[in-house]
Amino acid sequence: MARGDTDTRPSEARQRLLATATRIFYAEGIHSVGVDRIIAEAKVTRATFYRHFPSKEDLILAYLREVHEMERGRVDAAIAANPSAVDPLLEIAGSIAQHIQSPGFRGCAFLNAAAEYPDTDNPVRQEIIAHRRWFLDTLTTLMAQVHPETADPAARHFVMLRDGAMAAGCLFDPSLVSDTFLQGVEGLLRINTERRASDSARS
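The following refers to the structure shown. Positions within a chain are numbered from 1, following the residues in the order the chain's sequence is written. Thresholds applied to this predicted model are a pLDDT of at least 70 for local features of residues and 80 or more for the giving and counting of side-chain atom pairs; totals over whole chains, interfaces and linings are not thresholded and use all residues. Each side-chain value is worked out from all heavy atoms of the structure, with water and hydrogens disregarded.

### Describing the overall build of the chain
Secondary structure elements are taken from DSSP: a helix is a run of H or I of four residues or more, a strand is a run of E of two residues or more, and numbering for both begins at the N terminus. Helix and strand counts for the chain stand at 10 helices and zero strands. In sequence order, the secondary structure elements of the chain are arranged as α-α-α-α-α-α-α-α-α-α. Throughout, exposure labels follow a simple rule: accessible area from a 1.4 Å probe, protein chains only, divided by the maximum for the residue type, with under 20% read as buried, over 50% as exposed, and the rest as partly exposed. Among the 203 residues that make up the chain, the fraction classed as buried is 39%. The contact criterion used throughout is that any non-hydrogen atoms of two residues lie within 4.5 Å. Partitioning the intrachain contacts of the chain with sequence separation of at least 6 by distance along the chain shows that 69% fall at a separation of at least 24. Under the convention used here, a 1.4 Å probe and the Shrake-Rupley method define accessible areas, while residue burial counts only the protein chains that appear. Counting every atom, the chain has about 11200 Å² of accessible surface; 54% of that belongs to carbon and sulfur.

### A closer look at the environment of histidine 147
Residue position: histidine 147 is located in the loop between helix H8 (123-146) and helix H9 (151-168). Each C-alpha atom, one on histidine 147 and one on isoleucine 24, is 41 Å from the other, the two residues being 123 residues apart in sequence. Not counting the four nearest positions on each side in its chain, histidine 147 is found in contact with Asn192, Arg195, Arg196 and Asp199. Under this definition, polar contacts are N or O atom pairs within 3.5 Å; protein pairs additionally need one hydrogen-donor-capable and one acceptor-capable atom, and for neighbouring residues in sequence, both atoms have to be side-chain atoms. Within the structure, the side chain of histidine 147 is placed 2.8 Å from the side chain of threonine 150, a separation counted as a polar contact.

### Focus on the packing of helix H6 (residues 87-100) against H9
The description of two packed helices rests on the angle between their axes and on the distance between the axes. Running from N to C, H6 and H9 point in directions that differ by 15°, and their axes come no closer than 10 Å. Taken together, the axes of H6 and H9 lie roughly parallel to each other. You can see that H6 and H9 cross each other, and the crossing is right-handed. Side by side, H6 and H9 meet where Leu89, Ile92, Ala93, Ile96, His99 and Ile100 of the first sit next to Phe158, Arg162, Ala165 and Met166 of the second. Axes here refer to lines fitted to C-alpha atoms; in helices the fit is confined to the stretch in contact. Angles between the N-to-C directions go from 0 to 180 degrees. Any angle that falls under 35 degrees is termed roughly parallel, while one over 145 is termed roughly antiparallel, one within 65 to 115 roughly perpendicular, and all others oblique. Left-handed describes a crossing in which the near helix is turned anticlockwise from the far one by less than a right angle; the clockwise case is right-handed.

### Quick notes on empty space enclosed by the protein
Using protein atoms alone on a 1 Å grid, points that fit a 1.4 Å probe yet trap it form a cavity, whereas open point sets bounded by protein on both sides within 12 Å along at least five of seven lines form a pocket; residues with an atom within 4 Å of a point count as lining. Grid points are joined across faces, edges and corners, and a volume is the space filled by probe spheres set on the points. Inspection of the entire model under this criterion finds one cavity of 30 Å³ or more. Approximately 170 Å³ is the volume attributed to the largest cavity. Taken together, Glu71, Arg74, Val75, Ile92, Ser95, Ile96, His99, Phe135, Arg162 and Met166 form the lining of the largest cavity. Put simply, the parts of the chain that give the lining of the largest cavity at least two residues each are helix H5 (56-81), H6 and H9.

### Here's the deal with the layout of surface pockets
By volume, the largest pocket amounts to about 240 Å³. As for the largest pocket, its lining consists of 16 residues, of which Tyr26, Val67, Met70, His99 and Ala109 are closest to the centre. Secondary-structure elements contributing two or more residues to the lining of the largest pocket are helix H2 (12-28) and H5. Take the lining of the largest pocket: its biggest share by element is five residues, from H5. Under this grouping Gly is polar, as are all residues other than the nonpolar Ala, Val, Leu, Ile, Met, Phe, Trp, Tyr, Cys and Pro and the charged Asp, Glu, Lys and Arg. Classifying every residue of the lining of the largest pocket gives nine nonpolar, five polar and two charged.

### Some thoughts on the nonpolar core
Among buried residues, those of type Ala, Val, Leu, Ile, Met, Phe, Trp, Tyr and Cys that are joined through side-chain atoms within 4.5 Å constitute a nonpolar core. The biggest cluster of nonpolar side chains holds 58 residues, and the ones touching the most others in it are Phe25, Ile38, Tyr63, Phe135, Met143 and Phe158. Looking at this core, the elements that each hand over two or more residues are H2, helix H3 (35-42), H5, H6, helix H7 (109-116), H8, H9 and helix H10 (174-202). With nine residues, H5 is the largest single contributor of residues to this core. Dropping the residues within four chain positions of it, phenylalanine 158 is found in contact with Leu89, Ile92, Ala93, Ile96, Phe135, Leu139, Met143, Phe181, Val185 and Leu188.

### Some points on unusual backbone geometry
Of note, lysine 43 is a non-glycine position whose phi angle comes to about 60°, a positive value. When you line up the elements, lysine 43 lands in the loop between H3 and helix H4 (46-52).

### Structural notes on the side chain of threonine 20
By the secondary structure assignment, threonine 20 is in helix H2. Residue class for threonine 20 comes out buried when judged on its relative accessible area of 6%. Once residues within four sequence positions are removed from consideration, threonine 20 is found in contact with Ile38, Glu41 and Ala42.

### So, the environment of alanine 197
Structurally, alanine 197 can be placed in helix H10. Note on alanine 197: relative accessible area 48%, which makes it partly exposed. The spacing of alanine 197 and histidine 147 is 50 residues in sequence and 8.9 Å in space, taken between C-alpha atoms.

Interpretation note: all reported values are geometric properties and have no functional meaning in isolation.
What follows is the structure, encoded as structure tokens:
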């Protein structure tokens, strides 16, 4: 093994801590879970925890970044696999619907965290805002390929449909919520596709 290989490999203890925190924070909330429980379930020492995460807030930020990367990976894959205007948006919506119907679904990790961190100046809140800005910007870019003039409101509409579905999915029948969400997205895309066709016919 060349020198430096172990330096670039992610620490197994850090990965275990982050995986443990991701599971528990999402299932039970952030404020209700203490560092001692994370340490115990990850089976690491207190010194190991603080070597990787100097504070609980550092762990929370790492958790949110981990969830962001997972969501970004799914969105990037949908875009890469679908060069047309509408199909990436349909696939993103389909991925959201699958998540809503998955075992252990408990809503949106970022909306849940936002409810626990109302202070807009808090670094955790800033991480949430950054994630949501990325998602909205990505949808706006995709919607611009469907109908440039309505891209901004259409993207915001998609986000609101998504937020409503994520909130309702853990309160009501997730299958029905998913179907309603997908119908809403399909209708949104159909309306904006027809608007573009109408605008093109008039020009």
